[in-house]
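# Structural overview
Chain residues, written in single-letter form:
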Amino acid sequence: MPYADLYQKKPIKIPSVLAVVMVAAASFFVMNFFISDPQSTKAVKKNVISLDTSNVSSSKANVVWRTSEQELGVVLYGTAKQKLSNVASDQRDSPNARQKYFNHSVIINNLQPNTEYFYSITNEKELLSINDSTVFNFKTAPIDNRINSLKPTYGIVVSSSGSPEPNVLVILRHESSIPLSTISKNSGEWLMPLNGLLNSDTLTLSTPALTTKVTIQLYDEKGHTSTLTTPIQLASPISDSIRMGDNYSLPEDSAVLGTSVESANSVSSNGNTNAGF
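Residues numbered from 1 in each chain as written. Predicted model: local features only at pLDDT ≥ 70, side-chain atom pairs only at ≥ 80, totals over all residues. Heavy atoms only, no water.

## Focus on the overall build of the protein chain
Along the protein chain, the regular secondary structure elements total one helix and 19 strands. The buried share of the protein chain, reckoned over its 277 residues, is 47%. Counting only contacts in the protein chain whose residues sit at least 6 apart along the sequence, the fraction spanning at least 24 positions is 59%. Accessible area for the protein chain stands at about 13,600 Å²; split by element, carbon and sulfur atoms hold 51% of it. (Helix = DSSP H or I, 4+ residues; strand = E, 2+ residues; numbered from the N terminus. Buried < 20%, exposed > 50% of the residue type's maximum accessible area, 1.4 Å probe, protein only. Contact = heavy atoms within 4.5 Å. Areas by Shrake-Rupley, 256 points an atom, 1.4 Å probe, with all protein chains shown as cover.)

## Details of the pairing of strand S13 (residues 189-192)
Residues Trp190 and Met192 of S13 are buried on one face, while the alternating residues Glu189 and Leu191, pointing to the opposite face, are not. Of the strand pairs in this sheet, strand S10 (residues 153-158) and S13 are connected by four bridges, and their pairing is antiparallel. Bridge pairing in S13 places Tyr154 opposite Leu191. (Pairing = 2+ DSSP bridges.)

## Re the side chain of Asn103
Looking at where Asn103 falls in the secondary structure, it is placed in strand S6 (residues 101-108). The class of Asn103 is buried, set by a relative accessible area of 3%. At a separation of 3.1 Å, a polar atom in the side chain of Asn103 contacts the main-chain carbonyl oxygen of Tyr219. One polar contact links the side chain of Asn103 to the main-chain carbonyl oxygen of Asp220, over a distance of 3.0 Å. Once you skip the residues sitting within four places of it in the chain, Asn103 turns out to touch Trp65, Arg66, Asp90, Arg92, Leu169, Tyr219, Asp220 and Glu221. (Polar contact = N/O pair within 3.5 Å; in protein donor to acceptor, adjacent residues only side chain to side chain.)

## Describing the packing of aromatic side chains
Per the stated rule, a full pass over the model turns up three aromatic pairs. An angle of 20 degrees between the planes, with centres 5.7 Å apart, marks the rings of Tyr117 and Phe138 as stacked. Pair noted here: Tyr117 is in strand S7 (residues 116-122) and Phe138 is in strand S9 (residues 136-139), with a separation of 21 residues, a long-range link. Tyr117 sits in the buried class, given a relative accessible area of 6%. Given a relative accessible area of 6%, Phe138 falls into the buried group. With a centroid separation of 5.9 Å and an interplanar angle of 50 degrees, the aromatic rings of Tyr119 and Phe138 are classed as tilted. (Phe/Tyr/Trp six-rings, centres within 6.5 Å; stacked < 30°, edge-to-face > 60°.)

## A closer look at the pattern of salt bridges
Throughout the structure, instances matching the rule amount to nine salt bridges. Residue Asp132 is joined to Lys46 by a salt bridge in which the shortest nitrogen-to-oxygen separation is 3.2 Å. Within this pair, whereas Asp132 is found in the loop between strand S8 (127-128) and S9, its partner Lys46 is found in the loop between strand S1 (44-45) and strand S2 (48-54), the two being separated by 86 residues in sequence. (Salt bridge = Lys/Arg side-chain N within 4 Å of Asp/Glu carboxyl O.)

## Section: the environment of Pro208
Along the chain, Pro208 turns up in the loop between S13 and strand S14 (213-219). The sequence separation of Pro208 and Asn148 amounts to 60 residues, and the corresponding C-alpha distance is 9.2 Å. Residues within four places of Pro208 in sequence aside, it is in contact with Leu150, His174, Leu197 and Ile232.

## Examining the nonpolar core
Judged by nonpolar contacts, the single largest core of 23 residues is most densely connected at Leu51, Trp65, Val75, Ile108, Tyr119 and Ile121. Residue assignment for this core shows that the elements contributing at least two residues are S2, strand S3 (61-71), strand S4 (74-78), S6, S7 and S9. Ile121 has contacts with Val48, Leu51, Val63, Trp65, Val74, Val75, Glu126, Leu127 and Leu128, leaving out every residue within four places of it along the chain. Counting residues in hydrophobic clusters, the runner-up holds 22 residues, among them Val170, Met192, Leu194 and Ile242. (Core = buried A, V, L, I, M, F, W, Y, C linked by side-chain atoms within 4.5 Å.)

## A look at the sheet that holds S13
Judged by pairing direction, the sheet is mixed, and its three strands sit side by side in the order S13-S10-S16 without closing on themselves. Only two strands of the sheet have a single neighbouring strand rather than two, namely S13 and strand S16 (242-243).

## Quick notes on the side chain of Ser184
Take Ser184: it is sitting in the loop between strand S12 (180-183) and S13. Polar contacts involving the side chain of Ser184 include one to the main-chain carbonyl oxygen of Glu165, which spans 2.8 Å. From its side chain, Ser184 meets the backbone nitrogen of Val168 in a polar contact 2.9 Å long. Beyond its immediate sequence surroundings of up to four residues, Ser184 is in contact with Val157, Glu165, Pro166, Asn167, Val168, Glu189 and Trp190.

Treat this as a map of the structure, not an account of what it does.
Below, the structure is given as structure tokens:
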């Protein structure tokens, strides 16, 4: 069942589902409060460390952000700044199982090509702001069936003890391109296709050289960060596991991670904002 449908259900008088209906009704009231005028509400919380619009195509986009405390993550969006009437929740959530995270990832599907969208992020109680803004924007790409020849970048992320690390937010940044992002699986594995990489200015296909360097940032749910700088040709795959808390830099002539450049033991407060405003 789509997440938005949860707010549209009518009360059911069957006792076994009464509690579910009450929760849905309460949530519906809260969301209507935000949707009616997201900019005028005084319920604003300033706990966003970074915000990115990633994985943009002609029909979808991925909003990812990091907060200083664990909470629910919801995106309200629409084509009018004053009417954010659509709802999307974290990609790991379902109507019956929702969790609070430090690192949030919401995929927005079924978008129109070459169209500007506005959105706000909330924890269902408050709008979340960054740089004193609560409404952000992005534009979808025009329809273009071309792809480049780049292979996906993928790898495995592990904890400081060497065990697979799930729910790690992974963001790939390439100069002049829209960021890519993903969430690591329970096995610690992550993957990001590069064949749809878009130029951030023109929203057209980007085809960087294999020797071009990209930066991969990783954020776990324990407050650890890691950064990997590598040429594209050494990112398919990343040969060794990335250990959270360590930073790496791969030379162009080596496919081995080797020793880390430095240790990164906590989340930095200097996050990036790449959300249109």
